[in-house]
Amino acid sequence: MTALPREVFKWLQSLDLTFPIRNIRRDFSSGYIVAEIFSWYYPQDIQMHNYDNCSGLPGKLGNWSQLQTFFKRRNIEIPEELIEGTLHCKTDAAELLAQYLYTKLTNRKVKRLALDHDIDFTDHAYQLQLPMHARSTASTAVKNNLKITEFLTAPNIITCQQKAQDIVHKHIQHRQEERLEDPEHFDIKATIGQRCVRRPPPANTYTGEDMGWKDQSRAASRKQNTSTSRET
């Protein structure tokens, strides 16, 4: 999980929010705290009685819908991937959204921590910390990275199937990389081609101008045949 920088955490504490942030992924998903953060900077545009601190999906969608309308009116650009990931409690989404809001509202830069993994809103970085036998299977990867709220917000079966196929494809790709990195664990035996000794070609290789002895003998035989045919 992406750690929240110290300056961002202190900034959130200084806002004196109605509800303290204990689990940022869960607390940010409803959009209520995000609206309260913006109400400190845009008090005329954000009225907190229009937002509901709820845990149900309809209330969350209502809060985020109002926020997106406010973003468009104020020309505040927030990536759609961050909003979708925060709404569905995706890994690293809420932490990145908090850092993004900090830079937008305070005009300060965040001292980002060096990450040892790519941010893709999945639990792949967590799976790498586990031993081989404890890592998730393909079905578990779909269960962990595809939330039930995504099916409810996008009831299109084709869209959900594409998301599941993408997760399975990434899982298979990661498995193949693991097999290449640790073939002994998976009892992978080298093929005959891999066992063959690879020797460099000899240094005195023939070029197109210098024919080999076979080509020279063939040329000599051809000349002899033509000379005998002419004599006859």
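Residues numbered from 1 in each chain as written. Predicted model: local features only at pLDDT ≥ 70, side-chain atom pairs only at ≥ 80, totals over all residues. Heavy atoms only, no water.

Looking at an unreviewed UniProt entry, one finds the protein named Spermatogenesis-associated protein 4 and attributed to Patiria miniata. The Function (unreviewed entry) field of the UniProt record for the protein holds the comment "May play a role in apoptosis regulation." Recorded in UniProt under Subcellular location (unreviewed entry), the annotation for the protein is "Nucleus". (UniProt positions renumbered as here; feature names shortened; annotations may be inferred.)

Colleague: Honestly, the overall build of the protein in this entry has me stumped. Any pointers?
Modeller: Each helix and strand in the protein was counted, giving 12 helices and zero strands. Of the regular secondary structure in the protein, the N- to C-terminal order runs α-α-α-α-α-α-α-α-α-α-α-α. Contacts spanning at least 24 positions in sequence make up 58% of the contacts within the protein whose residues lie at least 6 apart. Only carbon and sulfur atoms are counted for the fraction: they give 51% of the accessible area of the protein, which is about 16,400 Å². (Helix = DSSP H or I, 4+ residues; strand = E, 2+ residues; numbered from the N terminus. Contact = heavy atoms within 4.5 Å. Areas by Shrake-Rupley, 256 points an atom, 1.4 Å probe, with all protein chains shown as cover.)

Colleague: Got a minute to help me understand the confidence of the model for the protein in this structure?
Modeller: It should be kept in mind that the predicted coordinates are not to be read in detail where pLDDT is low. A residue-level look at the protein finds 82% of positions with pLDDT of 70 or above and a mean pLDDT of 80. Of all the helices and strands in the protein, helix 12 (residues 213-231) carries the lowest mean pLDDT, 58, while helix 3 (residues 32-41) carries the highest, 94. (pLDDT = per-residue confidence, 0-100.)

Colleague: Could you clarify how one ought to interpret unusual backbone geometry in this entry?
Modeller: One can expect most non-glycine residues to show negative phi and most peptide bonds to be in trans. Backbone geometry at Asn75 places phi at a positive 55°, although glycine is not the residue there. Tracing the backbone shows Asn75 in the loop between helix 4 (57-74) and helix 5 (80-87). In the Ramachandran plot, Asn107 falls in the positive-phi region, its phi being about 55° despite a non-glycine side chain. Residue placement: Asn107 occurs in the loop between helix 6 (93-106) and helix 7 (124-129).

Colleague: Teacher, can you tell me more about a nonpolar patch on the surface here?
Modeller: A cluster of nonpolar side chains, Ile148, Phe151 and Leu152, forms an exposed patch at the surface whose accessible area comes to about 310 Å². Tracing the chain through its elements places Ile148 in helix 9 (residues 148-153). (Patch = residues over 30% accessible without salt bridge, like charges linked within 9 Å, V, L, I, M, F, W, Y side chains within 5 Å. Salt bridge = Lys/Arg side-chain N within 4 Å of Asp/Glu carboxyl O.)

Colleague: It is not clear to me how the pattern of salt bridges should be interpreted in this structure. Could you clarify?
Modeller: A side chain with one charge can pair with a side chain of the opposite charge if their charged atoms come near. This structure, assessed with the given rule, holds four salt bridges. Note that Arg74 is salt-bridged to Asp45, the shortest N-O span being 2.6 Å. Of the two residues, Arg74 is situated in helix 4 and Asp45 in the loop between helix 3 and helix 4; the sequence distance between them amounts to 29 residues. For Asp45, a relative accessible area of 24% gives the class partly exposed. Arg135 is the partner of Glu178 in a salt bridge, and the nearest nitrogen-oxygen pair spans 2.7 Å. You can see Glu178 sitting in helix 10 (residues 157-181) and its partner Arg135 sitting in the loop between helix 7 and helix 8 (138-145), a full 43 residues away along the chain. Neither Glu178 nor Arg135 differs from the other in exposure class; each is buried. One connected set of salt bridges, linked through shared partners, spans Arg135, Arg175 and Glu178. (Buried < 20%, exposed > 50% of the residue type's maximum accessible area, 1.4 Å probe, protein only.)

Colleague: I'm lost on the packing of aromatic side chains in this one. Help?
Modeller: To describe a pair of aromatic rings, you give the distance between the ring centres and the angle between the ring planes. For the structure on display, the rule yields seven aromatic pairs. Considering the side-chain rings of Phe38 and Phe70, the 5.6 Å spacing of their centres and the 70° angle between planes classify their relative orientation as edge-to-face. Note that Phe38 is positioned in helix 3 and Phe70 in helix 4, a separation of 32 residues in sequence. The burial state of Phe38 is the same as that of Phe70; both residues are buried. Plain terms: the ring middles of Tyr42 and Phe70 are 5.3 Å apart, the flat faces sit at 70° to each other, and that makes the pair edge-to-face. With Tyr42 in the loop between helix 3 and helix 4 and Phe70 in helix 4, this residue pair connects regions lying 28 residues apart in the sequence. Judged by relative accessible area, Tyr42 falls into the partly exposed class, the value being 23%. Classification of Phe70 as buried rests on a relative accessible area of 1%. (Phe/Tyr/Trp six-rings, centres within 6.5 Å; stacked < 30°, edge-to-face > 60°.)

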